[in-house]
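A structural walkthrough
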Amino acid sequence: MILKKISLTLAALMLAIFVFAQDAENNDVINNSNELGLHAGFTTGIGLSFRHWSNKFGVQITAIPLKANDFKFVSAGLTGLYSLSNKKYTRFYLYLGNHLLINSSFDNWYSDQNTTKTRYNVGFGTGFEVGRKVRFTIMAGYGAYNLTEAPDYYLLPTIETGLYFKLK
């Protein structure tokens, strides 16, 4: 009878350990990561994007060069990131974005005059991302647009978004 009670008690303890145990690997928050994705932002760039997080600091590079016979479009962005909170499925951070746009095209179909416009945008704000392996990010802040043309620059709110895939 005592052997039966000891066996049941041990079985109950083992069952409790298995039921309430947590898988430590799944609960770890990865502080260092590389991510590849698509990003679109007024002050952080448009195109293919690479992100590297190293503990609380991160950097994001975004670019897309397009060229055809009658036009050229280049978007290049470099963004600094600072993580305020990093959880299993979410991250909250600050960002400082730089975005260079070069747009070159012909004035009309019959002219050989090529017009090139260069714009530089800067912005800062907060960002939020959700997901574990695939992360959707949204960033909102304040930006200075068209800084290359001194009297014609703008100060307006900005919004940025992206979809990133974590690399191993």
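This text goes with the structure placed above it.
This report concerns the structure included in the present document. Fair warning: this is a prediction, and the values are worked out from it, not measured in the lab.

What follows is about the pairing of strand S3 (residues 57-67). Every other side chain in a regular strand lies on the same face of the sheet, so the side chains alternate between the two faces. Here strand S2 (residues 45-54) runs beside S3; their pairing, made up of seven bridges, is antiparallel. Bridge assignment links Leu48 to a residue of S3, and that residue is Ala63. Taken together, S2 and the strand that follows it, S3, pair antiparallel across an intervening segment of two residues, in which Asn55 is found at a positive phi of about 55 degrees. Across eleven bridges, the pairing between S3 and strand S4 (residues 71-86) is antiparallel.

You can see Arg51 is positioned in strand S2. Polar side-chain contacts of Arg51 include one of 3.3 Å to the side chain of Tyr93. Polar side-chain contacts of Arg51 include one of 2.6 Å to the side chain of Glu129. Once residues within four sequence positions are removed from consideration, Arg51 is found in contact with Ser33, Asn34, Glu35, Val59, Gln60, Leu81, Tyr93, Glu129, Thr137, Met139 and Tyr164.

Tallying each qualifying case throughout the model produces three salt bridges. Residues Arg91 and Glu129 are paired through a salt bridge, measuring 3.2 Å at the closest nitrogen-oxygen approach. Of this pair, Arg91 sits in strand S5 (residues 90-106) while Glu129 is found in strand S6 (residues 114-130), placing the two residues 38 residues apart along the sequence. Grouping residues by exposure puts Arg91 and Glu129 together as buried. For Arg135, the salt bridge is made with Glu129, and the minimal N-O distance between the two is 2.6 Å. Residue Arg135 shares its accessibility class with Glu129, and that shared class is buried. Residues participating in the shared-partner salt-bridge network are Arg51, Arg91, Glu129 and Arg135.

Thresholds, definitions, all that
Residues numbered from 1 in each chain as written. Predicted model: local features only at pLDDT ≥ 70, side-chain atom pairs only at ≥ 80, totals over all residues. Heavy atoms only, no water. Pairing = 2+ DSSP bridges. Helix = DSSP H or I, 4+ residues; strand = E, 2+ residues; numbered from the N terminus. Polar contact = N/O pair within 3.5 Å; in protein donor to acceptor, adjacent residues only side chain to side chain. Contact = heavy atoms within 4.5 Å. Salt bridge = Lys/Arg side-chain N within 4 Å of Asp/Glu carboxyl O. Buried < 20%, exposed > 50% of the residue type's maximum accessible area, 1.4 Å probe, protein only.

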